[in-house]
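# A look at the structure
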Amino acid sequence: MSIQNNLLEIKASLPSNVTLVAVSKTWPVDDLMEAYNAGQRFFGENKVQEMTQKWEQMPKDTEWHMIGHLQTNKVKYIAPYVSLIHSVDSLKLLTEINRQGQRYRKIINCLLQVHIAEEDTKFGLDENELYALLASEEFNAMENINVTGLMGMATFTEDMQQVKREFMHLKSIFEEVRQQPQTLNLKPKTLSMGMSGDYRLAIECGSTMVRIGSSIFGTR
Ligand SMILES: *Cc1c(COP(=O)(O)O)cnc(C)c1O
């Protein structure tokens, strides 16, 4: 199967309200171009330097999503061009993104990453930290970020019942956040959950954005 075939097949299977982010980390620009030529515009990367190099080489209407853990001191490298940061896991990081947004006179779209997995290896805010962040004065004063939703990763396990519980949990948190009054910098509409192994289940549980790598590009 070619990248193009994989991509088109997955795309055709997605409900119309679900956005596909092609996770292209580790793959060369030639492979990204194959996906681009098949119509794909959203690409997910997890390393700042790799994403920036690919941004320099790819057509300018490509949209870049940072999906990996982001260090505060590296925000400045992606701020000029990034279209969505999925992995915001602290007020400190959000503060720096807002600062870089000010510097480039733009509003940077962000998802807050919530820790839903039982494993403690994955990054993310726990529920209390999430609500504390959203209620904080610092957050409410930020004018150069827009929190457009939440992101989460389920435990890496064969136990699909567990994965489902974790996705349902994130969906309920998402609905809770959506109950809050919307403000200029909080307009939650995106729920980023699901990867190659679990995206169908994630969609059943309410995902609106799936991040798929190996099912498109092959196993890394
Ligand atoms: C690598 C990665 C993905 C894609 O994983 P696949 O199993 O290759 O689809 C999705 N989300 C994040 C955060 C990743 O790091």
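First, a word on scope: everything that follows refers to the structure included in this document. Note that the structure is predicted; figures quoted are calculated from it, not measured.

Rules and cut-offs
- Residues numbered from 1 in each chain as written.
- Predicted model: local features only at pLDDT ≥ 70, side-chain atom pairs only at ≥ 80, totals over all residues.
- Heavy atoms only, no water.
- Near = heavy atom within 4 Å.
- Polar contact = N/O pair within 3.5 Å; in protein donor to acceptor, adjacent residues only side chain to side chain.
- Areas by Shrake-Rupley, 256 points an atom, 1.4 Å probe, with all protein chains shown as cover.
- Nonpolar A, V, L, I, M, F, W, Y, C, P; charged D, E, K, R; others polar.
- Buried < 20%, exposed > 50% of the residue type's maximum accessible area, 1.4 Å probe, protein only.
- Helix = DSSP H or I, 4+ residues; strand = E, 2+ residues; numbered from the N terminus.
- Arc of directions from axis to C-beta.
- Contact = heavy atoms within 4.5 Å.
- Pairing = 2+ DSSP bridges.
- Right-handed = clockwise from strand over helix to strand, strands pointing away.
- Axes fitted to C-alpha atoms, helices over the stretch in contact; angles between N-to-C directions.
- Parallel < 35°, antiparallel > 145°, perpendicular 65-115°, else oblique.
- Left-handed = near helix turned anticlockwise from the far one by under 90°.

Bringing the site of the ligand into the picture now. Residues in close proximity to the ligand include V23, K25, I67, M153, M195, S196, R211, I212, G213, S214 and R220, which together make up its full environment. One of the side-chain N or O atoms of S196 is found 2.5 Å from an oxygen atom in the ligand. Within the backbone of S214, one N or O atom sits 2.8 Å away from an oxygen atom of the ligand. Burial of the ligand by the surrounding chains reaches 89%, relative to a free accessible area of 380 Å². Tallied by class, the residues present in the shell around the ligand amount to five nonpolar, three polar and three charged.

This part is about helix α6 (residues 127-135). The complete set of buried residues in α6 reads L130, L133 and L134. Along the axis of α6, the buried residues cluster in a sector spanning 95 degrees; they form a single face. More than 90 degrees from the buried face of α6, the exposed residues found are N128 and A135. Of the surrounding secondary structure, the elements contacted by the buried residues of α6 are α5 (91-103), β5 (108-114), α7 (137-140), β6 (145-152), α8 (160-179) and β7 (186-192). Between the side-chain oxygen of the N-cap and the backbone nitrogen of N128 there are 3.1 Å, and the N-cap of α6 in question is D126.

Below, the discussion takes up the pairing of β6. Counting buried positions along β6 gives eight out of eight residues, so the element sits mostly inside the fold. For β6 and β7, the ladder comprises four bridges, and the chain directions are parallel. Among the inter-strand pairings, V147 is bridged to a residue of β7, identified as L186. A crossover links β6 with its parallel partner β7, the connecting element being α8, and its sense is right-handed.

Take the packing of α6 against α8 next. It is at 12 Å that the axes of α6 and α8 come closest, and there the two elements cross at 20 degrees. Compared by their axis directions, α6 and α8 come out roughly parallel. Along this stretch, α6 crosses α8, giving a crossing that reads as right-handed. Residues E127, L130, Y131 and L134 of α6 lie in contact with α8, whose contacting residues are H169, I173, E176 and V177.

Turning our attention to the packing of helix α1 (residues 3-13) against helix α2 (residues 29-37). As a packed pair, α1 and α2 sit with axes 9 Å apart at the nearest point and diverge in direction by 45 degrees. With respect to their mutual orientation, α1 and α2 come out oblique. Crossing hand, α1 versus α2: right-handed. On α2, the residues that touch I3, Q4 and L7 of α1 are D31, E34 and A35.

Worth remembering: the numbers are spatial, not functional.
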